[in-house]
Structure formats: C-alpha cells, structure tokens
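Residues per chain are reported as follows:
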Amino acid sequence: MERAVPWRQLLRSANGHALLIAKIENPELDVDAYEQEVHLMVDELKQRVGSVKGEDLKRELDRFFFEMRGFHGSKFEYYHRSNSYLNEVIDDREGLPITLAVLYMALAEPLGLAMEGVGLPGHFVVRWKRVDAEPTYIDVFDQGRAMTPAEVQEIIEKGTDEPAPVESFNASKGGIVDRILFNVLRASQEERNIAAMKRTLSALIAIDPRREGLASKADVWLRVRPGADGALALSLTSELMRMEAYDPDFVRGWTTAPALVRRDTGRSARRSTIRDTTAVAASAMPASTMAPISAERPVSS
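Note that the coordinates shown come from a computational prediction; the quantities given were computed from them, not determined experimentally.

**A look at unusual backbone geometry**
Although it is not a glycine, Arg93 adopts a positive phi angle of roughly 65 degrees. Its location among the elements puts Arg93 in the loop between helix H4 (86-92) and strand S2 (94-95).

**Regarding the packing of aromatic side chains**
One pass over the structure, following the stated rule, counts 5 aromatic pairs. Between Tyr78 and Phe141 the ring centres are 5.6 Å apart and the planes differ by 75 degrees, which places this aromatic pair in the edge-to-face class. Placement of the pair is Tyr78 in the loop between strand S1 (72-73) and H4 and Phe141 in the loop between strand S5 (136-139) and strand S6 (145-147), with a sequence separation of 63 residues. Under the relative-accessibility criterion, Phe141 is labelled buried at 11%. Ring pairs connect the aromatic residues Phe65, Phe66, Phe71 and Tyr104, which therefore count as one cluster. Seen from the ring of Trp128, Arg130 lies directly overhead, with NZ or CZ sitting 4.4 Å from the centre.

**Details of the pattern of salt bridges**
Scanning the entire structure with this criterion turns up 9 salt bridges. With a shortest N-O distance of 2.8 Å, Arg130 and Glu55 are connected by a salt bridge. With a gap of 75 residues between them, Arg130 in the loop between strand S4 (123-128) and S5 and Glu55 in helix H3 (residues 54-68) connect regions that are remote in the sequence. Judged by its relative accessible area of 22%, Arg130 falls in the partly exposed class. A salt bridge links Asp56 to Arg59; the nearest nitrogen and oxygen atoms lie 2.2 Å apart. Pair noted here: Asp56 and Arg59 are both in helix H3, with a separation of 3 residues, about one helical turn. The partly exposed category is assigned to Arg59, whose relative accessible area is 48%.

**Remarks on the nonpolar core**
In this structure, Leu61, Met115 and Val140 are the most contacted members of the largest nonpolar core, which totals 47 residues. At the level of elements, helix H2 (31-49), H3, H4, helix H5 (97-108), S4 and helix H7 (173-190) are the ones that each hand at least two residues to this core. The element best represented in this core is H5, accounting for 9 residues. The residues touching Val140, leaving out its near neighbours within four places in the chain, are Phe65, Phe66, Leu100, Ala101, Tyr104 and Val126. Formed by 11 residues, the second largest nonpolar core is a distinct cluster that contains Val118, Val125, Ala164 and Phe169.

Criteria and thresholds
- Every chain is numbered on its own, with residues counted from 1 as its sequence reads.
- With the structure being a predicted model, the display of local features is reserved for residues of pLDDT at least 70 and the display and counting of side-chain atom pairs for 80 or more, all residues being used for whole-chain, interface and lining totals.
- The side-chain figures draw on all heavy atoms in the structure; neither hydrogens nor water molecules are used.
- Where helices and strands are cited, they refer to DSSP runs of H or I of at least four residues and of E of at least two residues respectively, numbered from the N terminus.
- For Phe, Tyr and Trp, where Trp contributes only its six-membered ring, two rings pair if their centres lie within 6.5 Å, and the inter-plane angle classes them as stacked under 30 degrees, edge-to-face over 60, or tilted in between.
- Exposure is judged per residue with a 1.4 Å probe applied to protein chains only, and the accessible area is read against the type maximum: over 50% gives exposed, under 20% gives buried, and values in between give partly exposed.
- Each ring is checked for a lysine NZ or an arginine CZ that lies within 6 Å of its centre and within 35 degrees of its normal; such an atom marks a charge sitting over the ring.
- Salt bridges are counted wherever a side-chain nitrogen of Lys or Arg sits within 4 Å of a carboxyl oxygen of Asp or Glu.
- Buried residues of nine kinds, namely Ala, Val, Leu, Ile, Met, Phe, Trp, Tyr and Cys, make up a nonpolar core once their side-chain atoms join them within 4.5 Å.
- Contact between two residues is taken to exist if any of their heavy atoms lie within 4.5 Å; hydrogens are not considered.

Read these as spatial facts, not as claims about activity.
Structure, rendered in structure tokens:
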C-alpha cells in the first residue's frame, strides 16, 4: 500500500500538485514562494502553541487560521476559479471548502493533529481522528465549526440515492486534486471561458467511446469499445491490486472486490478456473471484438 504522505505535501506531491493547479492558469507562478509561505505559517504556529494538546491545540489552530490569518469561506463568488487556486486562496484568505481544508490540514499535521479529508456530496470537510474520543468532523468553510453526526449524515442522504457510510467518502490526496480540477472546470464552464476549459482539460483524461463534447478537448482521449466498460473497470482494479494502492480493510468491509463468485455454483472462483474459462472464451471470441483499448490525443483545431 502507498505510504501515508503528510497533508502538507499535498501542496506539491508526486501524484497530484494541488498548488501547481494554479500554474495551468498562470505558468509564471512561483510555487516555491507559496510553499515557503506555508512553511513560515507552520513555524509561527508551532511557536505560538507551545506544548498544548487536544482540544486546546485545536482551538489555537482555529484562532491562528481564522482570526489571526483571516481565512474564511467565499460567500459571494463561490464558484469563481480563484477560489480553487491555492496561491490566490493564500493571498485573498478566502476559498472553497476543499482548498481551505487542504491548507488547514497542512498546518494541523505538523502539530500532531491527525486530520484527513472527507469528500461529502457537494461539501468537503475534515475528520479529526482523536485518540481518546470519537472522530470529530470539522467544517473549515464555516470557521472550523464541529459538525454533529446528524449533520454529516444529512449531507450524505441529500447527495446520494441510497444510504452510504461516511467512510466511503474518505478522500485520497489524488482524489482531492481531481476534485479541485473539476471545480476549476465547472467554474470555467459557468463563465463560458473555452480557453480556460481547454487549459484545465489538458490535465485530465477523458474516457468515452466517442470523441465528442468535452472529450474532444481533453489532452488524452481513452477510447473504449462500447460494451467494454467492464473490461476497463477490471483492468483498473487489477492494476490497483498489483500496486497495492488500496485500503484492504475498507475493501473487505464495504465492497465485493476481494472475490469473484461463480454463477453456476455460487462458490468463490479459483484462479485456475478463471484462467481456464478466460482462455476458452478468448479462443472463441471473434477477432473484431478483441481490439485493444486505445489512448489518443485529440487533433488540434
């Protein structure tokens, strides 16, 4: 499994550069300068908090972040692209729930506060994993207000078709970057800014049988043969398992991915059975259905 990475490294990680997203819009952005500013905030905060712990430490973090530094949720131009660019969030002291949460967690981690992102439907919050108490859900967009379990569940029920455990909305660092990118794309669509949409889509891969709509403007178009969605999903699952880039406890507890079940017997399928069945099916399959999945770049217009 992928080694856990401190949240402050999400600002500039190997897999997804949350701070570097702003370079899509501004190639001249000095990323190192903003990273240094975050480090300076961490150093100042450490000096202020001293040896306090627990609830007192969290209160000091909130006081520093919201009162002294003035970070707050954007109320009037919520969907403006600047709220998704971390450099502008740092400059203007306002942003979306997800961008404020990234900065909040980047400051919390060096203090020893175990916090992680939770991507609820339509609203991003932070979970404080406490040693001596139940987890606390924090709404960074609302000045670090602690949310009740009922509030969290209400957001989930409003945004999903059926009940789901809050653990299913845990946000990986790559997932956070993807969500920020989609926020930028949505803001560009609202503004009807085609150039900005193209710049954002250049960081994304479109998976679609047809190169139409937004897929025609993506940097990489992954064309799947109609009806091959299942094969693509299994291939991705296989790759995640090979890389051990998944949470075994979550998979065992909340998904059916750990095992395939035979339809004829209702029993777990063995590797040898799957291999033999796949070989027979492949030999009987027409060559026209075996075309490989292709990744193509759109033709420049």
